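One letter stands for each residue in the lines below.
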Amino acid sequence: MSPRLIQVAVVGGAFGVRGEVRITTYTADPTAIAEYRDLLREDGSPGLTVLSARPAKAGVVARVKDVATVEQADALRGLKLYVPRARLPAPDEDEYYLADLIGMAVETAAGEALGTVKAVENFGAGDLLEIQPAMGAAWWLPFTREAVPQVRLADGVIIAAPPAQTE
């Protein structure tokens, strides 16, 4: 079984005329991409190796191994970059990597099973958990303290207080 991969960046295309690439990062510190150095593709195969990076608008500008021309850099546009989950720093208490929530069981405080987390999305108004019940259609739960009072990551369980449904 391959290690779980977490997307940390996507290549935006060429920067300048010397083969540097623009990279949009999803890390708290955009320059952390250089610390990860060897970035992977979604299938776990080598993606690119960051030799150096400097901050830029919406991410970094990086020099990467085996890319020396604008054409080579532009050919990487849209490449999603990943690292194994184990390489990410441990989150602080009461913080979570959203990717860690996927697959967790969701239940009420009384122990009633509501389903499992299928995905975590943000459409602009905050994070939402897509909950897939054992039977029936998936539904959305706001990832707020009110709707999700407790996340027990070690137990693989999210305690939810879903809003009342109106008919």
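It should be noted that the structure appears before, not after, this text.
Nothing here was measured: the structure is a model prediction, and the numbers come from that model.

Undergrad: Looking at this model, I keep getting lost on the overall build of the protein chain. Mind explaining?
TA: In terms of helices and strands, the protein chain carries three helices and 12 strands. By the compact-globule yardstick of 15 Å for 167 residues, the protein chain is too spread out, its C-alpha radius of gyration being 19 Å. Seen through its C-alpha atoms, the protein chain measures out along the principal axes to roughly 60 × 30 × 30 Å. For the protein chain, the proportion of its 167 residues judged to be buried stands at 36%.

Undergrad: Just to check I follow, could you spell out the pattern of salt bridges for this structure?
TA: When their charged atoms lie close together, side chains carrying opposite charge are able to pair. Inspection of the entire model under this criterion finds six salt bridges. Taking the shortest distance from any N to any O, the salt bridge between R4 and D100 comes out at 2.3 Å. With R4 in the segment before β1 (5-15) and D100 in helix α3 (residues 98-101), the pair connects residues that are 96 residues apart, well separated along the chain. Relative accessible area serves as the criterion here: at 40%, R4 is assigned to the partly exposed category. The buried category is assigned to D100, whose relative accessible area is 11%.

Undergrad: Is there a simple way to think about the sheet that holds strand β11 (residues 150-152) in this case?
TA: Picture the strands of a sheet paired through backbone hydrogen bonds; they go either parallel or antiparallel. Reading across from one edge, β10-β9-β8-β7-β12-β11 is the order of the six strands in this open sheet, with mixed pairing throughout. Looking at the sheet topology across the chains shown, the edges are occupied by β10 (139-142) and β11. On average, each strand axis in the sheet is inclined to that of its neighbour by 35 degrees, with strand direction left out of account. Bridge analysis of β11 against strand β12 (residues 157-159) gives three bridges, and the strand direction is antiparallel. In the strand pairing of β12, R152 is matched with V157.

Undergrad: I would appreciate a short explanation of the pairing of strand β8 (residues 113-122) in the present structure.
TA: The pairing of strand β7 (residues 105-107) with β8 spans three bridges and is antiparallel. Residue A105 lies in a different strand from β8, and its bridge partner there is T116. Between the end of β7 and the start of β8, which pair antiparallel, lie five residues, with G111 showing a positive phi angle near 95 degrees. Here β8 runs beside strand β9 (residues 127-132); their pairing, made up of six bridges, is antiparallel. For T116, the partnering residue across the bridge sits in β9 and is Q132. Linkage of β8 to β9, two consecutive antiparallel strands, is achieved through a turn of four residues, within which G124 is found at a positive phi near 115 degrees.

Undergrad: Hey, could you run me through the packing of aromatic side chains in this one?
TA: The geometry of an aromatic ring pair is captured by two quantities: the separation of the ring centres and the angle between the planes. On inspection of all chains with the given rule, the structure shows two aromatic pairs. Measuring from centroid to centroid gives 5.6 Å for F123 and W140, while their planes differ by 80 degrees, and the two rings are edge-to-face. Of this pair, F123 sits in the loop between β8 and β9 while W140 sits in strand β10, and the two are 17 residues apart along the sequence. Under the relative-accessibility criterion, W140 is labelled partly exposed at 38%.

What counts, and where the lines are drawn
- Residues numbered from 1 in each chain as written.
- Predicted model: local features only at pLDDT ≥ 70, side-chain atom pairs only at ≥ 80, totals over all residues.
- Heavy atoms only, no water.
- Helix = DSSP H or I, 4+ residues; strand = E, 2+ residues; numbered from the N terminus.
- Rg over C-alpha atoms; globule rule 2.2 N^0.38 Å.
- Buried < 20%, exposed > 50% of the residue type's maximum accessible area, 1.4 Å probe, protein only.
- Salt bridge = Lys/Arg side-chain N within 4 Å of Asp/Glu carboxyl O.
- Pairing = 2+ DSSP bridges.
- Axes fitted to C-alpha atoms, helices over the stretch in contact; angles between N-to-C directions.
- Phe/Tyr/Trp six-rings, centres within 6.5 Å; stacked < 30°, edge-to-face > 60°.

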